[in-house]
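# Inside the fold
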Amino acid sequence: MPRKKSRASEIYDALRTLIVTLELPPKEVLQEKDLCDRFDVSRTPLREAFLRLADHGLVTIAPQHGTFVSGISPNAVRQAHFLRVNLEIPVVLKLCDTPDLDLTTPQAILLEQKLAAQQNSYAVFMPLDDRFHQSLFDLAELGSVWQVIHAKKAHLDRIRFLKAAERSELESLTRQHEAILDAIARRSRLGAEELVRAHVSGSVGFMEQLLRSRPELFDESSGGGLC
């Protein structure tokens, strides 16, 4: 039975989501009193969450000045992309080589994604996107490897959310997931590799465009921490 999350962990998860979805945009000041009221907690668990967010490069704690949402780190985005390409491709290749593979779980998540895409609901779709990829790692008995990726991809997730929202591409992402599952089911190693590589690489190209069109979102001096 999984252990119950601490309040600090719950607050971290909630703030991470708000930062990733840009509901809390770069340079936003995080007011302790307002957040304590919002989460109905004392300052201690909130500050613990702040420290973890700072370790992951998502906030900057400036003594005597306050806590601010950090800009997106291009370096952290590129590192997370490197991880995804070099860890997800071997996973789908392993699945292609697995006989009698049961794809029920990712197929069910895909159906949920189709519904979210029809409703154009980014808030619902993006967590399902993570669940889809996690389900592939779970099928390969490498679920803990996905947790490593998840811990390091918050800055990449901010780009993914911007890309999905600005290009209204939820249906496109769903079709890509469907194609990946089809390639795995057909045990097409080359097809699965090409599809995954293209799927996880789109956000980096989009980031390069944003660096020119929306430089205020970024902090190029930051390494992004263990994002």
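Since we're looking at a predicted model, the values are computed, not measured. Per-chain numbering applies: the sequence of each chain, read as written, is numbered from 1 onward. Restriction of local features to residues with pLDDT of at least 70 applies here, the model being predicted, together with a cutoff of 80 or more for giving and counting side-chain atom pairs; totals for whole chains, interfaces and linings are based on all residues. Side-chain calculation: all heavy atoms of the structure are included, whereas hydrogens and water are not.

### Details of the overall build of the protein
Where we set the bar: The secondary structure listing takes helices from DSSP runs of H or I that are at least 4 residues long and strands from runs of E that are at least 2 residues long, numbered from the N terminus. The size measure is the radius of gyration over C-alpha atoms, and the globule rule it meets is 2.2 Å times the number of residues to the 0.38 power. Burial classes: relative accessible area under 20% of the type maximum marks a residue as buried, over 50% as exposed, and values in between as partly exposed (1.4 Å probe, protein chains only). Residue contacts are counted whenever heavy atoms from the two residues lie within 4.5 Å of one another. For the area figures, the Shrake-Rupley method with a 1.4 Å probe applies, and any residue is considered shielded solely by the protein chains shown. The charge count treats Lys and Arg as positive and Asp and Glu as negative. His and the chain ends do not count. Where a charge sits is defined by one atom per residue type, namely NZ (Lys), CZ (Arg), CG (Asp) or CD (Glu).
When helices and strands are counted, the protein shows ten helices and three strands. In the protein, the succession of α and β elements from N to C terminus is α-β-α-α-β-β-α-α-α-α-α-α-α. Taken against the 2.2 N^0.38 rule, which gives 17 Å for 227 residues, the C-alpha radius of gyration of the protein at 18 Å falls within 12% of a compact globule. Considering only C-alpha atoms, the protein reaches an extent of 60 × 45 × 30 Å along its principal axes. For the protein, with 227 residues in total, the buried portion stands at 47%. Long-range contacts, defined as pairs at least 24 residues apart, comprise 76% of the intrachain contacts of the protein with a sequence gap of at least 6. Of the roughly 11700 Å² that the protein leaves accessible, carbon and sulfur atoms contribute 52%. A gap of 2 Å separates the mean positions of the 29 positive and 31 negative side-chain charges of the protein.

### Looking at the sheet that holds strand E3 (residues 66-69)
Strand pairing in a sheet relies on backbone hydrogen bonds, with the paired strands running either antiparallel or parallel. Selection criterion: Pairing between strands is defined by DSSP: at least two bridges between them are needed. In this analysis, axes come from line fits to C-alpha atoms, helices being fitted only over the stretch in contact, and the angle between any two N-to-C directions falls in the range 0 to 180 degrees.
Spatially, the three strands line up as an open sheet ordered E1-E3-E2, and their pairing is antiparallel. This sheet does not close on itself; its edge strands, each paired only once, are strand E1 (29-30) and strand E2 (59-62). The sheet contact formed by E1 and E3 spans two bridges and is antiparallel. Each bridged residue has a counterpart across the sheet, and for Val29 the counterpart in E3 is Phe68. Against the sheet, helix H3 (residues 43-55) contacts E1, E2 and E3, and its axis sits at roughly 115° relative to E2.

### Brief notes about the confidence of the model for the protein
Do not read the predicted coordinates in detail wherever pLDDT is low. Defined as follows: Confidence of the prediction at every residue is given by pLDDT, a number between 0 and 100.
On average, residues of the protein score 92 in pLDDT, and 95% of them reach the 70 mark or higher. For the protein, per-element mean pLDDT is lowest for helix H8 (residues 154-167), which scores 88, and highest for helix H4 (residues 74-96), which scores 97.

### Focus: the layout of surface pockets
Applicable threshold: The definitions used throughout rest on a 1 Å grid laid over the protein atoms alone, on which a cavity is an enclosed set of points accommodating a 1.4 Å probe that cannot get out and a pocket is an open set flanked by protein within 12 Å on both sides along at least five of seven lines; lining residues are those having an atom within 4 Å of a point. Grid points are joined across faces, edges and corners, and a volume is the space filled by probe spheres set on the points. By the convention adopted, Pro, Cys, Tyr, Trp, Phe, Met, Ile, Leu, Val and Ala count as nonpolar, Lys, Arg, Asp and Glu as charged, and the other residues, Gly among them, as polar.
If you add up the space inside the largest pocket, you get close to 630 Å³. Taken together, 23 residues line the largest pocket, and the ones lying closest to its centre are Asp13, Arg16, Thr17, Asp130 and His150. Of all elements in the fold, only helix H1 (7-20), helix H6 (122-139), helix H7 (143-151) and H8 reach the threshold of two or more residues within the lining of the largest pocket. Its residues assigned to classes, the lining of the largest pocket shows eight nonpolar, seven polar and eight charged. Space inside the second largest pocket adds up to approximately 160 Å³. Along the wall of the second largest pocket there are 15 residues; nearest its centre are Arg160, Glu169, Leu173, His199 and Ser203.

### Focus on the pattern of salt bridges
To be explicit about the condition: Any carboxyl oxygen of Asp or Glu that lies within 4 Å of a side-chain nitrogen of Lys or Arg is treated as forming a salt bridge with it.
By the definition in use, this model includes 19 salt bridges. For the salt bridge of Asp157 with Lys153, the shortest nitrogen-to-oxygen distance reads 2.9 Å. In this pair, the class of Asp157 matches that of Lys153, namely buried. Several salt bridges share partner residues, and in doing so they unite Arg16, Asp129, Asp130, Lys153, Asp157 and Arg160 into one network.

### Structural notes on helix H5 (residues 104-118)
Defined as follows: By definition here, a helix of n residues has an expected span of 1.5 Å times n minus one. In this description, the arc belongs to the directions extending from the helix axis to the C-beta atoms.
Look at H5: 21 Å from first C-alpha to last across 15 residues, which is about the 21 Å you get at 1.5 Å a residue. Listed as buried for H5 are Pro106, Ile109, Leu110, Gln113, Ala116 and Ala117. Along the axis of H5, the buried positions cluster into a sector of 120°, meaning they face one direction only. In H5, the exposed residues that point more than 90 degrees away from the buried face are Leu111 and Gln118. Close packing links the buried residues of H5 with H6 and helix H9 (170-185). Count one or two residues on from H5 and you reach Asn120, which has phi positive near 55°.

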